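One letter stands for each residue in the lines below.
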Amino acid sequence: EGDKRNVMAAAWAMPLDFSPAKVLLVVDKTTYTRELIEASGEFVLNLPVRAQAEQVLAVGSRSGRDGDKFAALGIATYAARQVAAPLVAGCAAWLECRVIREPRNEQSYDLFIAEVVAAHADPALFSAGQWHFPDAARTTLHYQSGGRFFATGQAFAVPSAER
């Protein structure tokens, strides 16, 4: 909203639909991020990599109401194409999202439904429709709890069964 910006560690985000692409995001009523999402009607889902784990934990451990987390933590950003929220540099992928207003879900469950209006991925990690992680530092990061994370594991394929 305007020149206000924030970054948070979102543990509860997931895909919802493909055409058009939609996501679900849970954001607590008491957070600064929630205030900005409600005011602007948009957000970016940044998909961090393992090398950013300390940064993710740091942004999730403080409120944007106390100051600009980007400046305080030295987080580089660049402009999104479709929304005003910034893209965090160094991530594996970014989803620019516009909220589809569902006031009951938002108030009762802190649940936001959003349409993905632009999607980007680091071409070093995603090309020809496939993810490929050249080293452990650039695997995608997924929060567990208590400062613990999972990183994307080794890819494998299962041959299709002939029937």
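Q: Any chance you could explain the overall build of the protein chain here in plain terms?
A: The helix and strand inventory of the protein chain stands at four helices and 11 strands. Here the protein chain has a C-alpha radius of gyration of 16 Å; the compact-globule value for 163 residues is 15 Å, and the two agree. In terms of overall dimensions, the protein chain has a C-alpha envelope of 55 × 35 × 30 Å along the principal axes. In the protein chain, which comprises 163 residues, the proportion classed as buried is 32%. Contacts in the protein chain between residues far apart in sequence, at least 24 positions, make up 60% of those at least 6 positions apart.

Q: Help me understand the state of the cysteines, please; the structure alone is not making it clear to me.
A: Every disulfide links exactly two cysteines, by a covalent bond between their sulfur atoms. With the rule as written, the count across this model stands at zero disulfides. No disulfide involves C91; its sulfur sits 13 Å from the nearest other cysteine sulfur, which is in C97. You can call C91 buried: its relative accessible area is 3%. Assessed through its relative accessible area of 0%, C97 is described here as buried.

Q: I'm lost on the side chain of E96 in this one. Help?
A: For E96, the location among the structural elements is in strand 6 (residues 93–100). Salt bridges are absent for the buried E96, whose nearest opposite-charge side chain, R81, sits at 5.6 Å. In this structure the side chain of E96 is engaged in a polar contact, spanning 2.5 Å, whose partner is the side chain of H120.

Q: I'm lost on helix 1 (residues 32–40) in this one. Help?
A: The periodicity of an α-helix, 3.6 residues per turn, causes residues three or four positions apart to be oriented the same way. Every buried residue of helix 1 is accounted for by Y32, T33, R34, L36 and I37. Looking at the buried positions of helix 1, the neighbouring elements they touch are strand 2 (21–26), strand 3 (42–47), strand 6, helix 4 (103–109) and strand 7 (111–121). Among the residues trailing helix 1, G41 stands out with phi positive, at a value near 75 degrees.

Q: Would you take a moment to explain the packing of aromatic side chains for this structure?
A: Within a pair of aromatic rings, the relevant descriptors are the distance that separates the centres and the angle that separates the planes. Counted according to the given criterion, the structure contains four aromatic pairs. An angle of 10 degrees between the planes, with centres 5.8 Å apart, marks the rings of W131 and F133 as stacked. With a relative accessible area of 35%, W131 lands in the partly exposed category. Residue classification places F133 among the partly exposed positions, given a relative accessible area of 25%. Each ring, one from Y143 and one from F149, has its centre 5.1 Å from the other, and the planes form 70 degrees; the classification is edge-to-face. One aromatic cluster in this structure is built from F126, W131 and F133.

Q: Any chance you could explain the pairing of strand 1 (residues 13–18) here in plain terms?
A: A regular strand places its side chains on the two faces of the sheet in alternate fashion. Inspection of the sheet shows strand 1 paired to strand 2 by five bridges, in the antiparallel sense. Bridged to P15 within strand 2 is V23.

Q: Is there a simple way to think about the sheet that holds strand 1 in this case?
A: Where strands meet in a sheet, backbone hydrogen bonds hold them as pairs that are either parallel or antiparallel. Spatial strand order, 1-2-7-6-3: five strands in an open sheet with antiparallel pairing. Each having just a single partner strand, strand 1 and strand 3 make up the two edges of the open sheet. Strand-to-strand twist across the sheet, computed as the mean angle between neighbouring axes with direction ignored, equals 35 degrees.

Q: Looking at this structure, how should I read unusual backbone geometry?
A: In most cases, non-glycine residues show a negative phi, while peptide bonds are predominantly trans. Residues S19 and P20 are joined by a peptide bond in cis, for which omega reads -5 degrees. In this fold, P20 is placed in the loop between strand 1 and strand 2. Phi is positive for D110, which is not a glycine, with a value near 60 degrees. Here D110 falls in the buried class, since its relative accessible area comes to 13%.

Q: Sorry if this is basic, but what is going on with the environment of C97 here?
A: Structurally, the position occupied by C97 is in strand 6. When residues no more than four places from it in sequence are discounted, the contact partners of C97 are V23, G41, E42, F43, V83, A114, E115, V116 and V117.

The rules behind each value
Residues numbered from 1 in each chain as written. Predicted model: local features only at pLDDT ≥ 70, side-chain atom pairs only at ≥ 80, totals over all residues. Heavy atoms only, no water. Helix = DSSP H or I, 4+ residues; strand = E, 2+ residues; numbered from the N terminus. Rg over C-alpha atoms; globule rule 2.2 N^0.38 Å. Buried < 20%, exposed > 50% of the residue type's maximum accessible area, 1.4 Å probe, protein only. Contact = heavy atoms within 4.5 Å. Disulfide = S-S within 2.5 Å. Lys, Arg positive; Asp, Glu negative; His and termini not counted. Salt bridge = Lys/Arg side-chain N within 4 Å of Asp/Glu carboxyl O. Polar contact = N/O pair within 3.5 Å; in protein donor to acceptor, adjacent residues only side chain to side chain. Phe/Tyr/Trp six-rings, centres within 6.5 Å; stacked < 30°, edge-to-face > 60°. Pairing = 2+ DSSP bridges. Axes fitted to C-alpha atoms, helices over the stretch in contact; angles between N-to-C directions.

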